[in-house]
Amino acid sequence: MIESIAIIGSGCAGLTAAIYCARANLSPLVIEGSQPGGQLTTTSEIENFPGFAEGINGFELTDRMRKQAERLGARFLSENAVSVNFPTDVKKVGCSSSAIQAKAVIVATGAAPRMMSIPGEKKFFGGRGVSACATCDAPFFRKKIVAVIGGGDSACEEASFLANFCERVLIVHRRNEFRASKIMASRTRNNPKIAILWDSVLQEIFGDDKVRGIKIKNVKDNAVSEIKCDGVFLAIGHIPNTTPFKSVLAMDEDGYIIGNGQGAVETSVSGVFVAGDCSDKKFRQAITAAGMGCMAAISAERFLANEGFI
């Protein structure tokens with residue numbers, strides 16, 4: 001059987017695409033992947049997704065989206081996409097234990113925050129004090145002390161944003177100068193609410209039910225110190241989940257799939273579209289991922305119609 005459209009990924013982007021494709025009577029097949037619902041399922045509370053005045057749990061939000069897509073006619077395959085072959089006509093997706101053929105494909109595989117593999121990191125990630133998104137979680141740390149790990153533009157931007165909410169922001173950076181642009185570095189240094197711990201690396205995050213502090217080591221004298229804080233923000237980058245698409249779709253140097261047309265959802269291969277964090281390295285929000293999922297679905301529907309497939 002050749003599917004009209006296959007959607008790879010089941011986060012906000014993939015599920016929104018599924019909703020739109022299902023409403024267009026395309027009966028989309030969603031390849032869920034190893035983490036159905038994507039990164040959002042690790043977020044305990046979301047306050048900035050429109051329509052939920054009291055906030056909503058990340059798992060509940062994606063579960064509602066999945067049920068909505070399913071009610072409209074989307075189908076779900078609980079497997080991983082491990083390989084792809086995208087010729088000009090029928091697209092082929094190799095999954096964990098099956099092979100899918102489709103006339104069009106939407107790639108919505110997301111990205112994962114780069115982790116440090118230190119004690120406490122996984123234990124407190126997602127609602128317990130460790131985060132990789134200041135825009136998402138800063139309001140939960142009002143008048144508290146947080147640490148930002150990193151020294152590039154992302155770290156400086158996260159720290160500056162957090163300073164609008166927090167009593168104190170500590171930047172932990174392994175070097176003695178920022179890798180950030182001059183303007184971002186200057187803005188960070190001159191912010192009275194931001195303190196910079198140079199030549200330091202994070203060794204451990206500790207606490208009970210939530211983060212209570214960190215242990216850092218000075219790389220020059222190896223001295224280890226313990227610092228009390230209420231949260232830790234990792235700002236050392238993200239890794240897009242795009243391995244199966246390397247050498248198949250055009251990507252940037254960091255492995256993000258490059259959009260090739262209006263709305264940036266068409267890829268370098270005709271009939272293959274992209275949405276969400278596997279392409280968006282700037283915003284990385286649930287609402288922007290959902291918006292891209294909508295655009296990818298509409299673009300895919302128009303492609304299928306123009307090609308005479310529907």
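Our subject in this report is the structure included herewith.

Basis of the calculations
- Residues numbered from 1 in each chain as written.
- Predicted model: local features only at pLDDT ≥ 70, side-chain atom pairs only at ≥ 80, totals over all residues.
- Heavy atoms only, no water.
- Pairing = 2+ DSSP bridges.
- Helix = DSSP H or I, 4+ residues; strand = E, 2+ residues; numbered from the N terminus.
- Axes fitted to C-alpha atoms, helices over the stretch in contact; angles between N-to-C directions.
- Contact = heavy atoms within 4.5 Å.
- Disulfide = S-S within 2.5 Å.
- Left-handed = near helix turned anticlockwise from the far one by under 90°.
- Nonpolar A, V, L, I, M, F, W, Y, C, P; charged D, E, K, R; others polar.
- Salt bridge = Lys/Arg side-chain N within 4 Å of Asp/Glu carboxyl O.
- Buried < 20%, exposed > 50% of the residue type's maximum accessible area, 1.4 Å probe, protein only.
- Polar contact = N/O pair within 3.5 Å; in protein donor to acceptor, adjacent residues only side chain to side chain.

### With respect to the sheet that holds strand 13 (residues 211-218)
For step 1, the next point in the chain: Pairing is antiparallel in the open sheet, where three strands are placed in the order 12-13-14. Since the sheet does not close on itself, it has two edges, and those belong to strand 12 (200-207) and strand 14 (224-228), each with one partner. The average undirected angle you get between the axes of adjacent strands in this sheet is 25 degrees.
For step 2, the next point in the chain: The pairing of strand 12 with strand 13 spans seven bridges and is classified as antiparallel. Opposite Glu-204, over in strand 13, you have Lys-215 as the bridge partner.

### Brief notes about the environment of Met-115
For step 1, the next point in the chain: Position of Met-115 relative to the elements: it lies in the loop between strand 7 (111-113) and helix 3 (121-124).
For step 2, the next point in the chain: Taking C-alpha positions, Met-115 is 22 Å from Asn-176, a pair spaced 61 residues apart along the chain.
For step 3, the next point in the chain: Beyond its immediate stretch of four places on either side in the chain, Met-115 contacts Glu-121, Phe-125, Leu-234 and Ile-236.

### Section: the state of the cysteines
For step 1, the next point in the chain: Tallied over the full model, the rule gives one disulfide.
For step 2, the next point in the chain: Between the sulfur atoms of Cys-133 and its disulfide partner Cys-136 the distance amounts to 2.2 Å. Judged by the sign of its S-S torsion, about 70 degrees, the cystine formed by Cys-133 and Cys-136 is right-handed.
For step 3, the next point in the chain: Not engaged in a disulfide, the cysteine Cys-21 finds its nearest cysteine sulfur in Cys-294; these two sulfurs lie 9.9 Å apart.

### Observations regarding the packing of helix 1 (residues 12-23) against helix 7 (residues 286-306)
For step 1, the next point in the chain: Where helix 1 contacts helix 7, the axes come no closer than 7 Å and their chain directions differ by 40 degrees. Read as a crossing pair, helix 1 and helix 7 show a hand that is right-handed. Of the residues in helix 7, those touching helix 1 at Cys-12, Ala-13, Thr-16, Ala-17, Tyr-20 and Cys-21 are Ala-286, Ala-289, Ala-290, Gly-293, Cys-294, Ala-297 and Ile-298.
For step 2, the next point in the chain: Among the residues forming the contact of helix 1 with helix 7, the class breakdown is 11 nonpolar, two polar and no charged.

### Observations concerning the pattern of salt bridges
For step 1, the next point in the chain: Applying the stated criterion across every chain, the model contains 11 salt bridges.
For step 2, the next point in the chain: In this structure, Glu-3 engages Arg-75 in a salt bridge whose closest nitrogen and oxygen atoms are separated by 2.4 Å. Of this pair, Glu-3 sits in strand 1 (residues 2-8) while Arg-75 sits in strand 3 (residues 75-77), and the two are 72 residues apart along the sequence.
For step 3, the next point in the chain: Here Glu-70 and Arg-66 are joined by a salt bridge, their closest N and O atoms 3.3 Å apart.

### Here's the deal with unusual backbone geometry
For step 1, the next point in the chain: We note that Ser-117 has phi near 55 degrees; this positive angle belongs to a residue other than glycine.
For step 2, the next point in the chain: By the element assignment, Ser-117 lies in the loop between strand 7 and helix 3.
For step 3, the next point in the chain: The backbone phi angle of Lys-143 is positive, close to 60 degrees, even though this residue is not glycine.
For step 4, the next point in the chain: Turning to its location among the elements, Lys-143 is positioned in the loop between helix 4 (134-137) and strand 9 (145-149).
For step 5, the next point in the chain: Judged by relative accessible area, which is 71%, Lys-143 ranks as exposed.

### A look at the side chain of Thr-16
For step 1, the next point in the chain: Here Thr-16 is to be found in helix 1.
For step 2, the next point in the chain: Take Thr-16: its relative accessible area is 9%, and that puts it in the buried class.
For step 3, the next point in the chain: Within the structure, Thr-16 has its side chain in polar contact with the backbone oxygen of Cys-12 (distance 2.7 Å).

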